[in-house]
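# Results of the structural survey
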Amino acid sequence: MAAGLAATLLALLWPGLPLGPTDLAARLSAWFACDLAAGLWLAIAVARLARHRFFSDQDIDGVLRTGSSRAVVLQSLVQNTLEQTVLAVIAYGAWLLAPPVGPIQTAFIAVGCFSLGRLLFFLGYLRGAAARSLGFTLTFYPTVGLLVADGVRLLAPIQGLA
């Protein structure tokens, strides 16, 4: 958890990151790039479950209540990755598009953490909560950090905090 928190603080507070381009086209392009990276992990999770079901007589019908333990685990990975991806897409979009916009590199660092986090989460999942915790925190904390920073940036002018 500490490593995930450190990565979040690093992503959000990296000193001297240039703002990068501020035109809408460049910002949209960066948002789509980040979303594609996060979406790729969702596609991987779905593909793993689909491949398992295709080769499993017990799971080919896709009903998880009576499915194998392997299918249940893979479905859990899909569900968690879907949840993380939805949050990330919102966070990246708000960071890159809502004024005042943040540095593009911050979103790229966050999506790098997301990708490393998903890989570690997948690899550690079967070994229990402790083994998957770094992967989860590297995925979740930078996204939540961006969401909190987005909220502060967007609400500060309204509340007179800026």
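Heads up: the structure comes first, above all this text.
Every value quoted in this text rests on a predicted model; they were computed, and no experiment measured them.

A tally of helices and strands in the chain yields five helices and zero strands. Order of helices (α) and strands (β) in the chain, N terminus to C terminus: α-α-α-α-α. Structurally, the chain occupies a C-alpha span of about 60 × 35 × 25 Å along its principal axes. Out of the 162 residues in the chain, the part that is buried amounts to 39%. At a minimum sequence separation of 6, the contacts of the chain that also span at least 24 residues come to 71%. Counting only carbon and sulfur atoms, one obtains 72% of the accessible surface of the chain, whose full area is about 8600 Å².

What follows covers the environment of Ala110. Relative to the assigned elements, Ala110 resides in helix H4 (residues 104–124). The class of Ala110 is buried, set by a relative accessible area of 3%. Spatially, the C-alpha atoms of Ala110 and Leu12 are 8.4 Å apart, while their sequence positions differ by 98 residues.

We now examine the packing of aromatic side chains. All chains considered together, the criterion is met by seven aromatic pairs. Taken together, a centroid distance of 6.3 Å and an interplanar angle of 45° make the contact between Phe121 and Phe136 tilted. With Phe121 in helix H4 and Phe136 in helix H5 (residues 129–159), the pair connects residues that are 15 residues apart, well separated along the chain. Classification of Phe136 by relative accessible area gives partly exposed; the value is 27%. Members of the aromatic cluster, joined through ring pairs, are Phe121, Tyr125, Phe136, Phe140 and Tyr141. One residue, Arg48, lies across the ring of Phe122, its end atom 5.4 Å from the ring centre.

Among soluble globular proteins, nonpolar side chains are generally buried collectively. In terms of nonpolar packing, the biggest core is built from 26 residues, with Leu77, Tyr92 and Leu96 touching the most fellow members. Sorting the residues of this core by element identifies helix H2 (24–54), helix H3 (69–97), H4 and H5 as the ones contributing at least two each. For Leu77, the residues in contact, after removing those within four places along its chain, are Ala45, Arg48, Phe121, Phe122 and Tyr125.

Another point: the packing of helix H1 (residues 2–13) against H4. Contact pair H1 / H4: the axes reach a minimum separation of 8 Å and the direction vectors enclose 160°. As judged from the angle between their axes, H1 and H4 are roughly antiparallel. Judged by the twist between their axes, the crossing of H1 over H4 is right-handed. Of the residues in H4, those touching H1 at Ala7, Ala11 and Leu12 are Thr106, Ile109, Ala110 and Cys113.

Let's shift gears to the packing of H2 against H4. Where H2 contacts H4, the axes come no closer than 10 Å and their chain directions differ by 5°. Judged by the inter-axis angle, H2 sits roughly parallel to H4. Taken together, the residues of H4 that come into contact with H2 (itself represented by Arg27, Ala30, Cys34, Ala37, Ala38, Trp41, Ile44, Ala45 and Arg48) are Ile104, Ala107, Phe108, Val111, Phe114, Ser115, Arg118, Leu119 and Phe122. The residue inventory of the contact of H2 with H4, partitioned by class, reads 14 nonpolar, one polar and three charged.

Applying the stated rule across the entire model yields one salt bridge. Asp150 is paired through a salt bridge with Arg153; the nearest N and O atoms lie 3.1 Å apart. Here the residue Asp150 and the residue Arg153 both occupy positions in helix H5, the gap between them amounting to three residues, near one helical turn. Taken individually, Asp150 and Arg153 each receive the classification buried, so the pair is uniform in this respect.

Cut-off values and rules
The numbering scheme is per chain: residues are counted from 1 as the chain's sequence reads. Reporting in this predicted model follows two pLDDT cut-offs: at least 70 for local features of residues, and 80 or more for side-chain atom pairs to be given and counted; totals over whole chains, interfaces and linings ignore these cut-offs and use all residues. Where side-chain values are given, they derive from all heavy atoms of the structure, hydrogens and water being excluded. Counting from the N terminus, the helices are DSSP H or I runs at least four residues long and the strands are E runs at least two residues long. Using a 1.4 Å probe on the protein chains alone, a residue whose accessible area is under 20% of its type maximum counts as buried, one over 50% counts as exposed, and one in between counts as partly exposed. Note on definitions: a residue-residue contact is assigned when non-hydrogen atoms from the two residues lie within 4.5 Å. For every accessible area listed, the method is Shrake-Rupley and the probe measures 1.4 Å; residues are considered covered only by the protein chains on display. Ring geometry is summarised as follows: Phe, Tyr and Trp rings, the Trp one being its six-membered ring, pair when their centres sit within 6.5 Å, and such pairs are stacked at plane angles under 30 degrees, edge-to-face over 60 and tilted between the two. Only lysine NZ and arginine CZ atoms are considered, and such an atom sits over a ring when it is within 6 Å of the ring centre and within 35 degrees of the ring normal. Grouping buried Ala, Val, Leu, Ile, Met, Phe, Trp, Tyr and Cys residues that are joined through side-chain atoms within 4.5 Å yields what is termed a nonpolar core. Every axis corresponds to a line fitted to the C-alpha atoms, with the helix fit spanning only the stretch in contact, and the corresponding angles, defined between N-to-C directions, vary from 0 to 180 degrees. To sort the angles, those under 35 degrees are grouped as roughly parallel, those over 145 as roughly antiparallel, those from 65 to 115 as roughly perpendicular, and the leftovers as oblique. Take the far helix as your reference; a near helix turned counterclockwise from it by less than a right angle gives a left-handed crossing, and one turned clockwise gives a right-handed crossing. Put simply, Ala, Val, Leu, Ile, Met, Phe, Trp, Tyr, Cys and Pro go in the nonpolar bin, Asp, Glu, Lys and Arg in the charged bin, and everything else, Gly too, in the polar bin. We define a salt bridge as a side-chain nitrogen of Lys or Arg found within 4 Å of a carboxyl oxygen belonging to Asp or Glu.

Distances and angles like these do not, on their own, reveal function.
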